[in-house]
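Per-entry structural report
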Amino acid sequence: MTEITAEEYFGGCPHCGQYSDCLNVNRSHWMTCDEHRVRWWIGSNLFSSWRHEDEVTWAKNILVLEEYSEVEPIFPEPSEVEKRQMAEREAEFRRVDKGFGVCSGPNGIRAKKWGEPPF
Ligand SMILES: [Zn+2]
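What counts, and at which threshold
- Residues numbered from 1 in each chain as written.
- Predicted model: local features only at pLDDT ≥ 70, side-chain atom pairs only at ≥ 80, totals over all residues.
- Heavy atoms only, no water.
- Donors = N, O, S within 2.8 Å, 3.2 Å for Na, K, Ca; no water.
- Tetrahedral: all angles 85-135°; square planar, octahedral: opposite > 155°, others 65-115°.
- Buried < 20%, exposed > 50% of the residue type's maximum accessible area, 1.4 Å probe, protein only.
- Core = buried A, V, L, I, M, F, W, Y, C linked by side-chain atoms within 4.5 Å.
- Contact = heavy atoms within 4.5 Å.
- Pairing = 2+ DSSP bridges.
- Helix = DSSP H or I, 4+ residues; strand = E, 2+ residues; numbered from the N terminus.
- Expected span 1.5 Å × (residues − 1).
- Arc of directions from axis to C-beta.
- Salt bridge = Lys/Arg side-chain N within 4 Å of Asp/Glu carboxyl O.
- Phe/Tyr/Trp six-rings, centres within 6.5 Å; stacked < 30°, edge-to-face > 60°.
- Lys NZ or Arg CZ within 6 Å of the ring centre and 35° of its normal.

Quick look at the coordination of the zinc ion
- Taken together, the protein donors to the zinc ion comprise Cys13 (SG), Cys16 (SG), Cys33 (SG) and His36 (ND1), at separations of 2.0 to 2.3 Å.
- Relative to the metal, the 4 donor atoms surrounding the zinc ion lie at angles of 104 to 115 degrees, and the coordination shape comes out tetrahedral.
- Sequence spacing of the donors to the zinc ion: C-x2-C-x16-C-x2-H.
- Look at Cys33 and you get buried, because its relative accessible area is 2%.
- Its relative accessible area of 31% is what places His36 among the partly exposed residues.

And the structure:
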């Protein structure tokens, strides 16, 4: 059995880790995998795309979604690099919490080091 990984932020099909489309029904967003005929709900009003659609589009989407079974999507595991970045960021926030203050660095706002001047 091969390992399935979901690369997509909104989850992937539990069978293949991919998705085919995002369909709106009114302000609800559904992700689909056409190959495995499954769907999963990702939320409401996350994108403004639904505002440019109408009842006819939603009625068509409902017909597609009704054919698909609802599943729990799978989500990507953070990579080693992402895990390290998250840990570094957390350590950074802990220093800010201790009142070291912040200053802007090349990669956005960073915590000041101990003893660094305020300006
Ligand atoms: Zn699939």
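So, the nonpolar core
- Within the largest apolar cluster, 6 residues are counted, these being Cys13, Met31, Cys33, Val38, Trp40 and Ile42.
- Aside from chain neighbours lying at most four places away, what touches Met31 is Phe10, Tyr19, Asp21, Cys22, Val38, Arg39, Trp40 and Ile42.

Some points on the pairing of strand β1 (residues 21–25)
- Pairing between β1 and strand β2 (residues 28–33): 5 bridges, direction antiparallel. For Asn24, the partnering residue across the bridge sits in β2 and is His29.
- Taking the residues that link successive antiparallel strands as the turn, the β1-β2 hairpin has 2 residues, and the phi of Asn26 there is positive, at about 55 degrees.

Quick word on helix α1 (residues 55–67)
- If you check α1, its first and last C-alpha atoms are 19 Å apart, about what 13 residues at 1.5 Å a residue would give, namely 18 Å.
- When α1 is considered as a whole, its buried residues turn out to be Trp58, Asn61 and Leu65. Projection of α1 onto a plane perpendicular to its axis shows the buried side chains occupying an angular sector of 60 degrees, all on one side. Exposed residues pointing more than 90 degrees away from the buried face of α1 are listed as Val56, Lys60, Leu63, Glu66 and Glu67.
- Looking at the buried residues of α1, the elements they touch are β1, β2 and β3 (38–44).

Considerations on the pattern of salt bridges
- Considering all chains together, one arrives at 3 salt bridges under this definition.
- Where Glu67 meets Arg37, a salt bridge forms, and the shortest distance between an N and an O atom there is 3.5 Å. With Glu67 in helix α1 and Arg37 in the loop between β2 and β3, this pair connects stretches of sequence that are 30 residues apart.
- Overall, Arg37 belongs to the partly exposed group, its relative accessible area being 40%.
- We note a salt bridge from Glu70 to Arg39, for which the minimum N-O separation is 3.6 Å. Note that Glu70 is positioned in strand β4 (residues 69–70) and Arg39 in strand β3, a separation of 31 residues in sequence.
- Note on Arg39: relative accessible area 16%, which makes it buried.

Let's talk about unusual backbone geometry
- The residue Asn26 is not glycine, and still its phi comes out positive at about 55 degrees.
- Of note, Asn26 is situated in the loop between β1 and β2.
- A positive phi angle is found at Arg37, which is not glycine, with a value near 50 degrees.

Regarding the packing of aromatic side chains
- Across all of its chains, the model carries 1 aromatic pair by this definition.
- Residues Phe10 and Phe47 carry aromatic rings whose centres are separated by 5.5 Å and whose planes lie at 90 degrees to one another, so their mutual orientation is edge-to-face. Taken together, the residues Phe10 in the segment before β1 and Phe47 in the loop between β3 and α1 connect sequence positions 37 residues apart.
- The ring of Trp30 has Arg39 sitting right over it, with the charged end atom 4.8 Å from the ring centre.

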